[in-house]
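An overview of the molecular structure
Okay, here's what each chain looks like letter by letter:
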Amino acid sequence: MQRLAPALRQDNVPLDLISLIQAILTASKDISFRVGQGHLNDLLGSTEDENVQGEVQKKLDVISNDMLKEIILESGFVKAISSEEEDHCVAGVEDGKYLVSFDPLDGSSNTDINSLIGTIFSIHEAPKDLAANDNDMFKQAGDKQVCAGYVLYGPSTMLAMTTGNGTHFYVLDKTQGEFLLVERNVQVPADTAEFSVNMSNQRFWQTPMQNYINDLLAGNTGPRGKNFNMRWIAAMVGDIHRVLCRGGIFTYPTDSKDASKPNKLRLMYEANPMAFLLEQAGGLAMTSQGRIMDIQPDSIHQRVEVIMGSKNEVEKCLSYYK
Ligand SMILES: O=P(O)(O)OC[C@H]1O[C@](O)(COP(=O)(O)O)[C@@H](O)[C@@H]1O
Ligand SMILES: [Mg+2]
Ligand SMILES: [Mg+2]
């Protein structure tokens, strides 16, 4: 099986970007090891602190954030990073070529129940005309990403990544400490009979989404004429990995549960990287208003509606908004 670096060179990925990706993965390998230790090293549970999202941070949120931040900034290729766990972007080197946005630990509510969690990352080129501590550098649409990926800490540690030449799967060979290419050009089936949403929020959704999901639940007794199954891992990294593997539609719809926060998932380090991976695998990644990767960001912690997955099913969902 091919190692990561030669696989990326095959896609003509610039050497400095390969080195930056390897830095991110070095931190991820360490996170994978620590996550695997679970109770053994007192890594579970929460801290006393809240992050900029107003969420109580898990110990693993903080540990993985610090490890990624340190290794990425030390790489020397990065002008700044932005993270779910950092209020403001953190400056790197002024002449750094890249910007990295990351969700150090996705699926935080799963850390204490030994369930699926992951790390999500997105890389843009850094503008030369702004200072390294200026958040405005990150106001670039998802379409401008040069790389996106996630590492899934599951029974095996897997990497899904794209640099714009298709989406590929890698597995961490823990005996060698290397990510090995296991599947090139993953393709998401255009149709599906599987949907993924937190149903407990149903009464707060907009009418089109309520109607769409009700028709799925009606199955072969309803207008869709076929039965649909439901899955919800409560970790976007796990739910999107399933969609990349076998198709499906994943959505976190706009809701009225908390008027100050109509959307849950973050554009820069959740929606955009997943959108790049899905589109490169033949899927779609939308809000009810348009393509996620066309959104011009206005803040590094901006939240957006997410409707993504199998092309025909996403289009079907969007038809309810017409
Ligand atoms: O708790 P809910 O409503 O099921 O939301 C689950 C969603 O929240 C998240 O856990 C948010 O991400 P973080 O864990 O990184 O904060 C997503 O991974 C997941 O899709
Ligand atoms: Mg997350
Ligand atoms: Mg997180």
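Residues numbered from 1 in each chain as written. Chains lettered and ligands numbered in written order. Predicted model: local features only at pLDDT ≥ 70, side-chain atom pairs only at ≥ 80, totals over all residues. Heavy atoms only, no water.

For the chain, the name recorded in an unreviewed UniProt entry is Fructose-1,6-bisphosphatase class 1, with Colwellia echini as its organism. Regarding the chain, the relevant UniProt record gives this comment under Subunit (unreviewed entry): "Homotetramer." Turning to the chain, the UniProt annotation filed under Sequence similarities (unreviewed entry) states: "Belongs to the FBPase class 1 family." (UniProt positions renumbered as here; feature names shortened; annotations may be inferred.)

So, on to the sheet that holds strand β17 (residues 306–309). Read across the open sheet, the five strands follow the order β12-β11-β13-β17-β15; overall the sheet is mixed. The strands lining the two open edges of the sheet, one partner per strand, are β12 (229–230) and β15 (284–286). In terms of strand pairing, strand β11 (residues 194–196) meets β12 through two bridges, oriented parallel. Residue glutamate 194 lies in a different strand from β12, and its bridge partner there is asparagine 229. Contacting β11, β13 (249–252) and β17, helix α4 (residues 207–218) crosses the sheet at an angle of about 140° to β11. Seen against the sheet, helix α7 (residues 311–319) touches β13, β15 and β17 and runs at an angle of roughly 150° to β17. (Pairing = 2+ DSSP bridges. Helix = DSSP H or I, 4+ residues; strand = E, 2+ residues; numbered from the N terminus. Contact = heavy atoms within 4.5 Å. Axes fitted to C-alpha atoms, helices over the stretch in contact; angles between N-to-C directions.)

For the rest of this paragraph, the subject is the coordination of the magnesium ion (ligand 3). At this site the magnesium ion (ligand 3) is bound by Glu84 (OE), Asp103 (OD) and Leu105 (O), with donor distances of 2.0 to 2.2 Å. In this model, the magnesium ion (ligand 3) sits 3.7 Å from the magnesium ion (ligand 2), the two metals being bridged by aspartate 103. (Donors = N, O, S within 2.8 Å, 3.2 Å for Na, K, Ca; no water.)

What follows covers the sheet that holds strand β7 (residues 147–153). The mixed open sheet is built from eight strands, whose spatial order is β4-β3-β5-β6-β7-β8-β9-β10. Single-partner strands in this sheet number two, and they are β4 (90–91) and β10 (178–183). Here five bridges tie strand β9 (residues 167–173) to β10, and the two strands are oriented antiparallel to one another. Looking at β10, one finds that valine 171 is bridged to leucine 180. Of the strands in this sheet, β3 (78–83), β5 (98–106), β6 (117–125), β7, β8 (157–162), β9 and β10 touch helix α2 (residues 15–37), which is tilted by about 165° from β6. On the sheet, helix α3 (residues 59–74) packs against β3, β4, β5 and β6 and is oriented at approximately 160° with respect to β5.

It is the contact of helix α5 (residues 236–246) with helix α6 (residues 267–279), at a shortest axis distance of 11 Å, that shows an interaxial angle of 10°. Relative to α6, α5 is oriented roughly parallel. Residues Met236, Val237, Ile240, Val243 and Leu244 of α5 form the contact with α6, whose participating residues are Glu270, Ala271, Met274, Leu277 and Leu278. Each residue belonging to the contact of α5 with α6 can be placed in one class, and the counts come to nine nonpolar, no polar and one charged. (Parallel < 35°, antiparallel > 145°, perpendicular 65-115°, else oblique. Nonpolar A, V, L, I, M, F, W, Y, C, P; charged D, E, K, R; others polar.)

Here the focus is the site of ligand 1. Neighbouring ligand 1 are 17 residues, the closest being Asp106, Gly107, Ser108, Met236 and Tyr252. In this structure, an oxygen atom belonging to ligand 1 sits 2.9 Å away from a side-chain N or O atom of glutamate 84. In the environment of ligand 1, an oxygen atom lies 3.0 Å from a nitrogen or oxygen atom belonging to the side chain of glutamate 270. Contact with the protein chains hides 89% of the accessible area of ligand 1, taken as 470 Å² for the molecule alone. For the shell around ligand 1, the element with the most residues is β5, which contributes three residues. (Near = heavy atom within 4 Å. Polar contact = N/O pair within 3.5 Å; in protein donor to acceptor, adjacent residues only side chain to side chain. Areas by Shrake-Rupley, 256 points an atom, 1.4 Å probe, with all protein chains shown as cover.)

Let's shift gears to the coordination of the magnesium ion (ligand 2). For the magnesium ion (ligand 2), the protein coordination sphere consists of Asp103 (OD), Asp106 (OD) and Glu270 (OE), at 1.9 to 2.0 Å. Donor residues for the magnesium ion (ligand 2) sit on one chain with the sequence pattern D-x2-D-x163-E. The buried category is assigned to aspartate 106, whose relative accessible area is 4%. Classification of glutamate 270 by relative accessible area gives buried; the value is 2%. (Buried < 20%, exposed > 50% of the residue type's maximum accessible area, 1.4 Å probe, protein only.)

Moving on, we come to the environment of phenylalanine 195. Here phenylalanine 195 shows up in strand β11. On a C-alpha basis, the gap between phenylalanine 195 and methionine 274 in space is 17 Å, while along the polypeptide they are 79 residues apart. Contacts of phenylalanine 195, omitting those with residues within four sequence positions, involve Ile213, Leu216, Leu217, Phe228, Asn229, Met230, Arg231 and Ile249.

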